[in-house]
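Chain residues, written in single-letter form:
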Amino acid sequence: MAGRWMEFGKYGANGAPGGEALGIAMEGMVHGIASPVDSERGLAARLNYLTKSDAGYEAMDRAGVHVSPRTLMAWLAEERSPNKANLARLDAAYWDLRRRNVAADLKARLNNGGRGTRVEINPVNQRGVEEKYRRDLAPRSVNVRGVWDRAVDAWMDDDQDELDAVWDEVLDLIGSDYDGYSYVSSIGWSA
């Protein structure tokens, strides 16, 4: 995937492989509770979110939160607090469930009824590159269709190889200068 970049960063360019940037952009769409898990508010909000659905209990199970119903009820009633290990597990379960919930919605929004999503691709940062080594790259905007289910699934599975394969398909849409965007500073969309 390096193409003409061969030794990326040798002359001071900064960026990330496009597939990695794609995963970073998706991860940036996952928002949640700002309060830390060890605060009263943060713990209560996470417990409330996790105990509202079967998916929340499954997330706690995946994260290793294995406590009796009595203990869970005591946590919910704020009669007892989880130990540090369980706080970390509850936080992991919360973010796992948030990612899963966002993923389902993200597929629908990015596919946009088959119309796809316009993606802005920002080239690598070449501020630190000596003028004679700079490449003439401008931000690009392309409409991407047909890859979003695969991209979101790869992001959820932390499958960087599949994200790279999806990015290669996006690069095909750019045209003749696709090689200049194998590394990027960022990508984004409005979905």
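The text that follows walks through the structure, step by step, so that each part is easy to find. (Residues numbered from 1 in each chain as written. Predicted model: local features only at pLDDT ≥ 70, side-chain atom pairs only at ≥ 80, totals over all residues. Heavy atoms only, no water.)

## Quick look at unusual backbone geometry
- With a phi angle near 60 degrees, E78 is a residue other than glycine that sits in the positive phi range.
- Along the chain, E78 turns up in the loop between α4 (69-76) and α5 (84-111).
- Its identity as a non-glycine residue notwithstanding, N112 has a phi of 50 degrees, on the positive side.
- Note on placement: N112 falls in the loop between α5 and β2 (117-123). (Helix = DSSP H or I, 4+ residues; strand = E, 2+ residues; numbered from the N terminus.)

## Points about a negative patch on the surface
- A cluster of like negative charges, contributed by D157, D158, D159 and D161, occupies part of the molecular surface.
- Inspection of the secondary structure puts D157 in the loop between α6 (148-156) and α7 (160-174).
- Residue classification places D157 among the exposed residues on the basis of a relative accessible area of 59%. (Patch = residues over 30% accessible without salt bridge, like charges linked within 9 Å, V, L, I, M, F, W, Y side chains within 5 Å. Areas by Shrake-Rupley, 256 points an atom, 1.4 Å probe, with all protein chains shown as cover. Salt bridge = Lys/Arg side-chain N within 4 Å of Asp/Glu carboxyl O. Lys, Arg positive; Asp, Glu negative; His and termini not counted. Charge placed at Lys NZ, Arg CZ, Asp CG, Glu CD. Buried < 20%, exposed > 50% of the residue type's maximum accessible area, 1.4 Å probe, protein only.)

## Quick look at the packing of helix α1 (residues 18-27) against α6
- Close contact between α1 and α6 brings their axes to 10 Å; oriented N to C, the two are set at 80 degrees. The angle between the axes of α1 and α6 places the two elements in the roughly perpendicular class. In this structure, α1 contributes L22, G23, M26 and E27 to the contact, and α6 contributes W148, A151, V152 and W155.
- Taken together, the residues that form the contact of α1 with α6 break down as 6 nonpolar, 1 polar and 1 charged. (Axes fitted to C-alpha atoms, helices over the stretch in contact; angles between N-to-C directions. Parallel < 35°, antiparallel > 145°, perpendicular 65-115°, else oblique. Contact = heavy atoms within 4.5 Å. Nonpolar A, V, L, I, M, F, W, Y, C, P; charged D, E, K, R; others polar.)

## Looking at the packing of aromatic side chains
- Under the definition given, this model contains 3 aromatic pairs.
- An angle of 70 degrees between the planes, with centres 5.2 Å apart, marks the rings of Y49 and Y94 as edge-to-face. Here the residue Y49 occupies a position in helix α2 (residues 40-50), and Y94 occupies one in helix α5, the gap between them amounting to 45 residues.
- The exposure class assigned to Y94 is buried, which follows from its relative accessible area of 3%.
- Here Y94 and W95 contribute two aromatic rings whose centre-to-centre distance is 5.0 Å and whose plane-to-plane angle is 80 degrees, an arrangement assigned as edge-to-face.
- Of the residues examined, W95 reaches a relative accessible area of 28% and is grouped as partly exposed.
- Through successive ring pairs, a cluster of aromatic residues spans Y49, Y94 and W95.
- The ring of Y94 has R46 sitting right over it, with the charged end atom 5.3 Å from the ring centre.
- Looking at R99, its charged tip hangs above the ring of W155, at a distance of 4.5 Å from the centre. (Phe/Tyr/Trp six-rings, centres within 6.5 Å; stacked < 30°, edge-to-face > 60°. Lys NZ or Arg CZ within 6 Å of the ring centre and 35° of its normal.)

## As for α4
- Taken residue by residue, α4 has T71, L72, A74 and W75 as its buried positions. On an axial view of α4, the arc spanned by its buried residues comes to 160 degrees, and they lie on one face. Away from the buried face of α4 by more than 90 degrees, exposed residues P69, R70 and M73 are located.
- For α4, the elements touching its buried residues are α2, α3 (54-63) and α5.
- One or two positions beyond α4, positive phi appears at E78, with a value near 60 degrees. (Arc of directions from axis to C-beta.)

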